[in-house]
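Working through the structure, step by step
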Amino acid sequence: MSIYQELVESIVVNKKNRLMDFHPSLQLIGTGRSAFVFRIQSSNKAIKVFFPNFVYIAKEEAEIYLVLKDIHYFPRIYEAGTNYLVMDYVEGDTLFDCLTNGQLITDAHIKEIDYALSLASNAGLNPSDIHLRNILITPDDQVRLIDVARYRQQKDCRQWGDLKKAHRQFYQKHFFWKKVPSSFLNGVAYLYKKGLIPSYRL
Ligand SMILES: Nc1ncnc2c1ncn2[C@@H]1O[C@H](COP(=O)(O)OP(=O)(O)OP(=O)(O)O)[C@@H](O)[C@H]1O
Ligand SMILES: [Mg+2]
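Residues numbered from 1 in each chain as written. Chains lettered and ligands numbered in written order. Predicted model: local features only at pLDDT ≥ 70, side-chain atom pairs only at ≥ 80, totals over all residues. Heavy atoms only, no water.

**Side note on the coordination of the magnesium ion (ligand 2)**
Formally: Donors, by definition, are the N, O and S atoms found within 2.8 Å of a metal, the threshold being 3.2 Å for Na, K and Ca, and water is not counted, so a site can look incomplete. Here a strand is any run of E in DSSP of at least two residues, a helix any run of H or I of at least four, and the numbering for each starts at the N terminus.
The magnesium ion (ligand 2) binds to the protein through Asn134 (OD1) and Asp147 (OD); the donor distances cover 2.1 to 2.3 Å. With Asn134 in the loop between α4 (107–122) and β9 (135–137) and Asp147 in the loop between β10 (143–145) and α5 (159–171), this residue pair connects regions lying 13 residues apart in the sequence.

See below:
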């Protein structure tokens, strides 16, 4: 059994997908709709452990990361198990964090994210589910993309185009908040998903 597998086996999730226990050398760094993500303490590796009802995504996401392995904007994968992935830990803030803590998101960042996504498209993928929590800016101002599980879906995803539009139409205007309350962002995301924001329809 690999060391990673042992760490994964220490993680206890209950029937309601609540995290009950995990090894002390793991540090919870994120929770998504399908997985918990831990940093292995004092290392540059992260483990994404899928909720029991989403384990099938592990194989799909591992295969997609393989396609992206030469593109430095994406974490590299070190091991893939039935319910987990071991990948590079990305130090930095998600765009969601940047908005709430007032860290500037510049045009240069937007262009670099566009470029990273174009490389993924050129590799034959269809980048999808590109939202604020799946894009990070590192302390040395580099852009990184994570959570590629939906990059092989057929349907076109408009989220990134809409985020760029909102960056132009609102974020860059002088009246816009310098720090955006997280409750506001979550509320907008909710309405967006429901298709309730005119001219920002999914
Ligand atoms: N390699 C990583 N390095 C640093 N932080 C990460 C990494 N992978 C994930 N995270 C953090 O964990 C959170 C959840 O991870 P991820 O987006 O992969 O889960 P998910 O369940 O697929 O998410 P979603 O709800 O977008 O479908 C991310 O938003 C991010 O904050
Ligand atoms: Mg995510």
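From this point, the narrative continues.
**Re the sheet that holds β10**
To keep it simple, the criterion reads: Each pair of strands is called paired provided DSSP finds at least two bridges between the two strands. Here, two residues are considered to be in contact whenever any of their heavy atoms come within 4.5 Å of each other. Angles run from 0 to 180 degrees between N-to-C directions of axes, and those axes are lines fitted to C-alpha atoms, restricted for helices to the stretch in contact.
Pairing is antiparallel in the open sheet, where three strands are placed in the order β8-β9-β10. Of all the strands in the sheet, just β8 (93–94) and β10 have a single pairing partner and so form its edges. Sheet topology note: the β8/β9 ladder contains two bridges and is antiparallel. Counted as the bridge partner of Asp93 is Ile137 from β9. Helix-sheet contacts for α4 involve β9 and β10, and the interaxial angle to β10 is about 40 degrees.

**Concerning the site of ligand 1**
What counts here: By convention in these notes, a residue is near a molecule or strand provided one of its non-hydrogen atoms lies within 4 Å of it. Two N or O atoms form a polar contact when they lie within 3.5 Å of each other; inside protein one atom must be a possible hydrogen donor and the other a possible acceptor, and for residues adjacent in sequence the pair counts only when both atoms belong to side chains. All accessible areas in this document rest on Shrake-Rupley with a 1.4 Å probe, and a residue is counted as covered only by the protein chains that are shown. Classification used: nonpolar for Ala, Val, Leu, Ile, Met, Phe, Trp, Tyr, Cys and Pro, charged for Asp, Glu, Lys and Arg, polar for all others including Gly. Per the annotation, domain bounds derive from an automatic or database assignment of domains.
Residues in close proximity to ligand 1 total 20 residues, the closest being Arg33, Lys48, His131, Arg133 and Asp147. For ligand 1, an oxygen atom lies 2.8 Å from a polar atom in the side chain of His131. Alone, ligand 1 offers 620 Å² of accessible surface; in the complex the protein occludes 92% of this. Those elements giving two or more residues to the shell around ligand 1 turn out to be β3 (26–31), β4 (35–40) and β7 (84–88). When the residues that make up the shell around ligand 1 are grouped by side-chain class, the tally is seven nonpolar, six polar and seven charged. Residues from two domains meet in the shell around ligand 1; each of domain 1 (3–88) and domain 2 (93–193) gives at least three.

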